[in-house]
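Residue-level structural notes
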Amino acid sequence: MPLTRKSALPSSVFPAQLSARFLPRYDNPLPLWIIFPLIFAALYLTHASLLRLPYYWDEAGYYIPAAYDFFRTGSLIPVTTLSNAHPPLPSIYLALWWKLAGFTPLVTRTAVCLVASVALLAVYRLAHAVTRRTPVAAATVALTALYPVWFAQSTLAHADIFAAAATLWGLAFALEDTTAPRTRARPLAAVLCFSLAALAKETAIVTPLALALWETWHAWRLQFDDPASGSPRPRLAAGGRYLLVLLPLIIWYAYHYSRTGYVFGNPEYLRYNATATLSPLRFAVALFHRTLHVTTHMNMFVPVLCALAAMLLPPRDEQDGSPRQPIGDNARQQVYLVIVANVVFFSVMGGALLTRYVLPVYPLVLLICVNTLRRRVLYWPALVALSGAAFFAGLIVNPPYGFAPEDNLAYADVIALHQQAIRVLVERNPHSVVLTAWPASDELTKPELGYLRTPFPVVVIDNFSLLEIQRAAQAAPGYTTALLFSTKYDPPGQPLSMARKNDSIDSRFFDFHRDLRPDAAARVLGGAVEWRRERKGLWAAVLHFDRPQLAQLPAPSTAP
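Residues numbered from 1 in each chain as written. Predicted model: local features only at pLDDT ≥ 70, side-chain atom pairs only at ≥ 80, totals over all residues. Heavy atoms only, no water.

Take the packing of aromatic side chains next. One pass over the structure, following the stated rule, counts 26 aromatic pairs. Pairing Tyr62 with Tyr63 gives two aromatic rings, centres 5.5 Å apart and planes at 90 degrees, and the pair type is edge-to-face. Looking at Tyr62, the relative accessible area reads 9%, which means it is buried. The exposure class of Tyr63 is buried, given its relative accessible area of 10%. The interplanar angle of 20 degrees and the centroid separation of 6.3 Å between the aromatic rings of Phe71 and Phe103 together place this pair among those described as stacked. Of this pair, Phe71 sits in helix α3 (residues 58-73) while Phe103 sits in the loop between α4 (89-101) and α5 (105-131), placing them 32 residues apart in sequence. Given the relative accessible area of 29%, Phe71 is considered partly exposed. Looking at Phe103, the relative accessible area reads 23%, which means it is partly exposed. Following the ring pairs from residue to residue traces out a cluster consisting of Tyr56, Trp57, Tyr411, Trp438, Phe464 and Phe485. (Phe/Tyr/Trp six-rings, centres within 6.5 Å; stacked < 30°, edge-to-face > 60°. Buried < 20%, exposed > 50% of the residue type's maximum accessible area, 1.4 Å probe, protein only. Helix = DSSP H or I, 4+ residues; strand = E, 2+ residues; numbered from the N terminus.)

Given below as structure tokens:
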């Protein structure tokens, strides 16, 4: 009679001693000192072609100028750009690397890659802490590293990857304590990590505050619902420890106010990211988008749907015949709480619906999916591989809807287009005054961003919408060329009626606009298209106007 799966390894053949010796022990994690070099080597090699790219978008607009100001002057408050009151930890970290190895994009992106590797190490530690299964932890790390949003952010010098690394380590320490009560508690380590996350980006406080609320709620239940089960004081103490995360942030804001007169950054920044977002309709729309971000965006729907389908199957058994266990109730509920808290919080805060704001959430979603697949599906590694293939496709194939280019490798296409356009300006119109919008205005005026050596004089408009182009045409013509570019990705061939379906809401709440194409802009401005290029639905163009050049200005040159 053929052996069933449960009887395939009977105790008479494999006694406990032999089983412990020969069968794989999935509950023993690999040492972190072995895992970290592997993670860093894999990230570095897969990002090798991106490490020398000049700085992109918010990097060029805020984070690199702020860090460069600290590097040159030692000022924690930016002097060459308006202060957004972001905490200074990323600036200090990058300036240290520049001091040691030089101020180059290669050094910057390698330093960020190191932070991303530390974050993935935290994902491994966290996944193993709540599942006790090395394959689950390894699969979660691999999918997180390959997920397009995470992959793109792994070398971009945004504060979000710094905050994500510290937040995930804080969660690893916090949830390890709840799932392994016999190990030495690490509450102070969790608080320290969450404090570093807040000093990297202020919005990272949402996670420790959610955990503080969790502990307070359980203390209330012990006090009133089940007083016989124990004292609520340990829970209250745990919640109070999480509130300590606010102290370094309060100190930073007090310092910022003493130097600038503003607590939360310049008034326009505060209006766009906080006060202008307090609308029920905007919250509902943003919550819808945020929910899609963490469940479907960039092919995240593949592991999510696989996990939902797996829930229809019964749990499978381990090699010893015991049923495969889910994540413990306490840890699982806290993971869900952190996901929901971040989705809700970033549906209120933040003017732009950037996916990197919820960067720490993606590993948590993937952890839940991978563990569900392992519990219920025989060939679960195949579904993990399918999810990885979907993520790889999302890296190089743009989705059939609009998105920020920084969500996958489209940002490299944007950089390449801007480099080519600036090279055209340098070679053909070296003495021109350039009409453009941010961030190209910074790329043309700040050589430290890596696009040129000598700056151009620029005339800056808000964007390339029809209204802004008309205003530029009616103003005094102080420009002789124009650098236009797509400020967002619009799917090629999308019906105009579908593209404009939600324009009114997006324009009202999310500063949405539709870029005028180069030919139309040239007609409005009275110029001619001198050069244009398109790459995967993104474009850039140089316009020329028959006006006198400012020959007395030094001729700009591109960066080496």
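Next up on the list: the pairing of strand β1 (residues 434-437). Residue alternation in β1 divides its side chains into two sets, Val434 and Thr436 and Leu435 and Ala437, and both sets are buried. Note: β1 against strand β3 (residues 481-485), two bridges, orientation parallel. Residue pairing in the sheet places Leu435 in a bridge with Ala482 of β3. (Pairing = 2+ DSSP bridges.)

So, on to the nonpolar core. Membership of the largest hydrophobic core comes to 157 residues, with the highest contact counts inside it found for Leu94, Trp150, Leu483 and Leu543. Excluding anything up to four places from it in sequence, Leu483 contacts Ala421, Ile422, Leu425, Val434, Leu435, Thr436, Ala440, Leu444, Phe464, Ala541 and Val542. (Core = buried A, V, L, I, M, F, W, Y, C linked by side-chain atoms within 4.5 Å. Contact = heavy atoms within 4.5 Å.)

Right, let's get into the pattern of salt bridges. Should the charged atoms of two oppositely charged side chains come close, the side chains can pair. Inspection of the entire model under this criterion finds 17 salt bridges. Glu59 is the salt-bridge partner of Arg109, the closest N and O atoms lying 2.9 Å from each other. One end of the pair, Arg109, is in helix α5; the other, Glu59, is in helix α3, and 50 residues separate them in sequence. Assigned by exposure class, Arg109 and Glu59 land together as buried. When the shortest N-O distance is used, the salt bridge between Glu318 and Arg133 registers 3.3 Å. Of this pair, Glu318 sits in the loop between α15 (301-310) and α16 (329-348) while Arg133 sits in the loop between α5 and α6 (134-146), and the two are 185 residues apart along the sequence. Like Glu318, the residue Arg133 is buried in the burial classification. (Salt bridge = Lys/Arg side-chain N within 4 Å of Asp/Glu carboxyl O.)

Turning our eyes to something else, we now look at unusual backbone geometry. The peptide bond linking Trp438 to Pro439 adopts the cis configuration, its omega dihedral lying at 10 degrees. One non-glycine residue, Asn299, lies in the positive phi region at around 70 degrees.

A few words now on the side chain of Arg374. Position of Arg374 relative to the elements: it lies in helix α17 (residues 361-376). The exposure class of Arg374 is buried, given its relative accessible area of 4%. One polar contact links Arg374 to Glu318, side chain to side chain, over a distance of 2.9 Å. (Polar contact = N/O pair within 3.5 Å; in protein donor to acceptor, adjacent residues only side chain to side chain.)

On to the environment of Val302, then. Inspection of the secondary structure assignment puts Val302 in helix α15. Linking Val302 and Ser387, residues 85 residues apart in sequence, is a C-alpha distance of 5.8 Å. Once residues lying within four places of it in the same chain are set aside, the contact partners of Val302 are Leu386, Ser387 and Ala390.

The next point concerns the environment of Val112. Of note, Val112 is situated in helix α5. Exposure remark for Val112: the relative accessible area of 0% places this residue in the buried category. Considering only alpha carbons, one finds Val112 and Pro90, 22 residues apart in sequence, at a separation of 9.5 Å. Look past the residues within four positions of Val112 in its chain and what remains in contact with it is Leu94, Gln153, Ser154, Thr155, Leu156, Ala157, Ile161 and Phe162.

Read across the sheet, five strands follow the order β2-β1-β3-β5-β4 without closing on themselves; strand pairing throughout is mixed. Looking at strand neighbours, the two that pair on one side only are β2 (458-461) and β4 (528-535), the edges of this open sheet. Neighbour to neighbour, the strand axes of the sheet diverge by 20 degrees on average, direction disregarded. The pairing of β3 with strand β5 (residues 538-544) spans five bridges and is classified as antiparallel. The residue bridging Leu483 from the neighbouring strand is Val542, located in β5. Along the sheet, helix α19 (residues 410-428) makes contact with β1, β3, β4 and β5, crossing β4 at roughly 155 degrees. (Axes fitted to C-alpha atoms, helices over the stretch in contact; angles between N-to-C directions.)

Moving on, we come to helix α9 (residues 187-200). Given a rise of 1.5 Å per residue, 14 residues ought to cover 20 Å, and the 20 Å separating the end C-alpha atoms of α9 matches this to within 8%. Among all positions in α9, only Ala190, Val191, Cys193, Phe194, Ser195, Ala197, Ala198 and Ala200 are buried. (Expected span 1.5 Å × (residues − 1).)

Another point: α6. The first and last C-alpha atoms of α6 sit 18 Å apart over 13 residues, in line with the 18 Å expected at 1.5 Å per residue. Those residues of α6 not exposed but buried are Thr134, Val136, Ala137, Ala139, Thr140, Val141, Leu143, Thr144 and Ala145.

The next thing to look at is the confidence of the model for the protein chain. For the protein chain, per-residue confidence averages 87 on the pLDDT scale, and residues scoring 70 or more make up 84% of the total. In the model, residues 1-26 has pLDDT below 50 throughout and makes 20 contacts with residues more than four positions away in sequence or in other chains. Low confidence marks residues 495-499, where pLDDT is under 50. Its contacts with residues over four positions away, or in another chain, come to two contacts. (pLDDT = per-residue confidence, 0-100.)

What follows concerns the packing of α6 against helix α18 (residues 380-396). The interhelical angle for the contact between α6 and α18, taken along N-to-C directions, is 15 degrees, at an axis separation of 9 Å. With respect to their mutual orientation, α6 and α18 come out roughly parallel. For α6 against α18, the interelement crossing comes out left-handed. Residues Pro135, Val136, Ala139, Leu143 and Leu146 of α6 pack against Trp380, Val384, Ser387, Gly388, Phe391, Phe392 and Leu395 of α18. (Parallel < 35°, antiparallel > 145°, perpendicular 65-115°, else oblique. Left-handed = near helix turned anticlockwise from the far one by under 90°.)

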